[in-house]
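Chains, contacts and geometry: an overview
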Amino acid sequence: MLLLRTDPTRPDPSVIRTAAGVLRNGGIVAAPTETVYGLFAHAYREDGCAKVFKAKGRPMDNPLIVHVDTVEMAMAVADIPNDVAEVLRRVWPGPITVVVPSRGVVARCVTAGLPTVAVRAPAHPIPLSIIKELGAPIAGPSANKAGRPSPTTAGHVVDDLDGEVDVVIDGGPTFFGVESTIIDVTKRPPVVLRPGPFTVEELEKLFGPVSVPPVARGLAEADVALAPGMKYRHYAPDTVLVIVHFDLAEAVETLRARGLKVAVLCATGKCAEANYVIQMGDDLYEVARNLYKSLRDLDKLGVDVGVVPAIEERGVGLAIMNRLRKASGHREALNKEQLLAML
Ligand code: TXA
Ligand code: MG
C-alpha cells in the first residue's frame, strides 16, 4: 500500500498521475472528497470494482456511486432528463448524488445489476483531477469497512483498510464529514434516499416538493431495496450509544447511579458532565464534520455507554440524526426509564 500526501487545494500532478495509472490498470485508490474519503475504481472495469467490494467487505447487492467531473461525463453513463441536467449544471460539483436511469456502460458490478445508476461530481480538487487525468468516471463507496463509520481522515482509512488498497491519498480532513445527499429523480415526486449536506430545503428549491420517507430519517431499516444500502447496519461504533430526548444531565446521572462509565457526545450547546466529554461542535455543520471521528473516538474510551442529545431535524440536522439513529442501532430514549431499558 502506497500512502501519498498532497495539498488538497493544489494536488501534486505526480500523485494524480500515479493514482490514475493504478485505476487504469484495475487497481483501487482511496482519496478524499468534500464529504468523506472514497474508495475508488475505474467505473468501466469489473476487476477494479470487484476489489472495492472485497476490500470493504461490502455485500455485492449494494451499488457504488459513479463520480464524474462534469454533467457531460454523467450523460455518457446515465440517461439524464433535460430538467435534471439543468439543475445539475447549477449544483455540481457538490455533495448531491442523483439516481437516474443507467445506460449500462459502467461495470455491472458498480450498479449491482440495477437499471439505475447513482452519479455525482465531487467538489474536491483531488478526485476531480484524477477523473480528468483518467478521462473516465471513477466508482466508489466510502472508504471504511462495511458497517463502520465513514472515514473523514486518511488515518481512518488506514485503520480500516491497511494493506487492502493500492494507494491511499492523504489530502487532510474532509470538509462536510457526512456523505452526499442521495435523491432518486426517477420517481415523481423525487425521493430523498439519504439526507446529506445538501439539505431538503435546498432540494425543494431546485426540484419542487420531494418525498422524505421514514427510512431517510433513519427511523427504520428498509426491508426492500429502496436504496440498497439502507438495509445494512451502518456507521456503528462498538460502544452502546443512546440518543437522549430529555435532559442530558439527568440521563448521565441515571446511568452513573448504576455504576456505569459514561461518555457524552455534546452538540449545539447541549452538554453534560460525565466520565468523558466529546465536543462535536456548536453549529450543525461543525457537528456533521466531527460526527464520525467522534463515533470512532467513543470506542477508544472504554466506557460502558455513550449518550448524545437529539438534534433538531432541519437543515443538515436531518443528515446528522439519520446517522445517529443508525449508529445507535435505533436506541432513542424519551425518559430515564426508556434509557435504562436500552442497556
Ligand atoms: O459522499 C458520498 O456519497 C461518498 C463519497 C465517497 O462520494 N460516497 C458514499 O458511498 O458514501 P456509500 O458508501 O454510501 O455508497 C453508495 C450509496 C449506497 O447507499 C448505495 O445504496 C447508494 O449509494 N446507491 C448506489 N447506486 C444506487 C442506485 N442505483 N439506487 C439507489 N441507491 C444507490
Ligand atoms: Mg458508506
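Remember, predicted model here, so these are calculated numbers, not experimental data.

Our next topic: the overall build of the protein chain. Of regular secondary structure, the protein chain possesses 12 helices and 15 strands. In terms of C-alpha radius of gyration, the protein chain reaches 20 Å, essentially the compact-globule figure of 20 Å for 343 residues. Taken over the C-alpha atoms alone, the protein chain extends approximately 60 × 45 × 35 Å along its principal axes. Considering the protein chain as a whole, with its 343 residues, one finds that 57% of them fall into the buried category. Expressed as a percentage of contacts within the protein chain between residues at least 6 apart in sequence, the contacts between residues at least 24 apart total 67%. When the accessible area of the protein chain is evaluated, it comes to approximately 13,600 Å², of which 51% is carbon and sulfur surface. Averaging the coordinates of the 38 positive side-chain charges in the protein chain and doing the same for the 40 negative ones gives two points 3 Å apart.

Further remarks concern the site of ligand 1. If you check the shell around ligand 1, you find 26 residues, and the closest are Thr35, Asn62, His67, Ser180 and Arg194. Interatomic distance of 2.6 Å between a side-chain N/O atom of Thr35 and an oxygen atom of ligand 1. Arg58 is positioned such that a nitrogen or oxygen atom in its side chain is 2.9 Å from an oxygen atom of ligand 1. In isolation ligand 1 exposes 670 Å². Once the protein is present, 96% of that is buried. Sorting the residues of the shell around ligand 1 by element identifies strand E4 (65–67), strand E6 (116–120) and strand E10 (191–194) as the ones contributing at least two each. Examining the composition of the shell around ligand 1, we find that four residues originate from one element, E6, more than from any other. Of the residues that constitute the shell around ligand 1, the class distribution is 13 nonpolar, eight polar and five charged.

Further remarks concern the UniProt feature "binding site: ATP" (unreviewed entry) in the protein chain. Here, the residues flagged by UniProt with the feature "binding site: ATP" (unreviewed entry) are Arg58, Asn62, Thr116, Ser150, Arg194 and Tyr235. Considering the C-alpha atoms alone, the annotated residues occupy 178 residues of sequence and remain spread out, their largest mutual distance being 24.9 Å. In contact with Arg58, other than residues within four places in its own chain, are Phe53, Pro63, Leu64, Pro141 and Ala146. Reaching out from Arg58, the side chain makes a polar contact with the backbone oxygen of Asn62 at a distance of 3.0 Å.

Of the two faces of strand E9 (residues 181–184), the one holding Thr181 and Ile183 and the one holding Ile182 and Asp184 are both buried throughout. The turn joining E9 and E10, which pair antiparallel and follow one another in sequence, is formed by six residues.

Reading across from one edge, E13-E12-E14-E11-E15 is the order of the five strands in this open sheet, with parallel pairing throughout. Because the sheet does not close on itself, it has two edges, and the strands there are strand E13 (276–281) and strand E15 (332–333). Both strand E11 (residues 240–244) and strand E14 (residues 305–309) contribute to a ladder of five bridges, which runs parallel. In the sheet register, Leu241 faces E14, and the bridge partner there is Gly306. Taken strand by strand, helix H9 (residues 248–257) contacts E11, strand E12 (262–267) and E14, and its axis lies near 165 degrees from that of E14. Packed on one face of the sheet, helix H11 (residues 317–327) meets E11, E14 and E15 and runs near 135 degrees to E11.

Turning our eyes to something else, we now look at the state of the cysteines. Summed over all chains, the structure comprises two disulfides. Here Cys49 pairs with Cys109 through a disulfide, and the sulfurs are 2.0 Å apart. On the sign convention where negative is left-handed, the bridge of Cys49 and Cys109, at about -85 degrees about the S-S bond, is left-handed. Here Cys109 lies in helix H5 (residues 108–111) and Cys49 lies in helix H2 (residues 46–56), a separation of 60 residues in the sequence. For the residue pair Cys49 and Cys109, the accessibility class agrees, reading buried in each case.

Next up on the list: the packing of helix H10 (residues 284–300) against H11. Between H10 and H11, the least distance of the axes is 9 Å, while the angle of their chain directions is 20 degrees. In terms of their interaxial angle, H10 and H11 are classed as roughly parallel. Seen along the crossing, H10 lies across H11 with a hand that is left-handed. Facing Leu284, Val287, Ala288, Leu291, Tyr292 and Leu295 of H10, the residues of H11 in contact are Gly317, Ile320, Arg323, Leu324 and Ala327. Class assignment of the residues belonging to the contact of H10 with H11 gives a composition of nine nonpolar, one polar and one charged.

Criteria and thresholds
Residues numbered from 1 in each chain as written. Chains lettered and ligands numbered in written order. Predicted model: local features only at pLDDT ≥ 70, side-chain atom pairs only at ≥ 80, totals over all residues. Heavy atoms only, no water. Helix = DSSP H or I, 4+ residues; strand = E, 2+ residues; numbered from the N terminus. Rg over C-alpha atoms; globule rule 2.2 N^0.38 Å. Buried < 20%, exposed > 50% of the residue type's maximum accessible area, 1.4 Å probe, protein only. Contact = heavy atoms within 4.5 Å. Areas by Shrake-Rupley, 256 points an atom, 1.4 Å probe, with all protein chains shown as cover. Lys, Arg positive; Asp, Glu negative; His and termini not counted. Charge placed at Lys NZ, Arg CZ, Asp CG, Glu CD. Near = heavy atom within 4 Å. Polar contact = N/O pair within 3.5 Å; in protein donor to acceptor, adjacent residues only side chain to side chain. Nonpolar A, V, L, I, M, F, W, Y, C, P; charged D, E, K, R; others polar. UniProt positions renumbered as here; feature names shortened; annotations may be inferred. Pairing = 2+ DSSP bridges. Axes fitted to C-alpha atoms, helices over the stretch in contact; angles between N-to-C directions. Disulfide = S-S within 2.5 Å. Parallel < 35°, antiparallel > 145°, perpendicular 65-115°, else oblique. Left-handed = near helix turned anticlockwise from the far one by under 90°.

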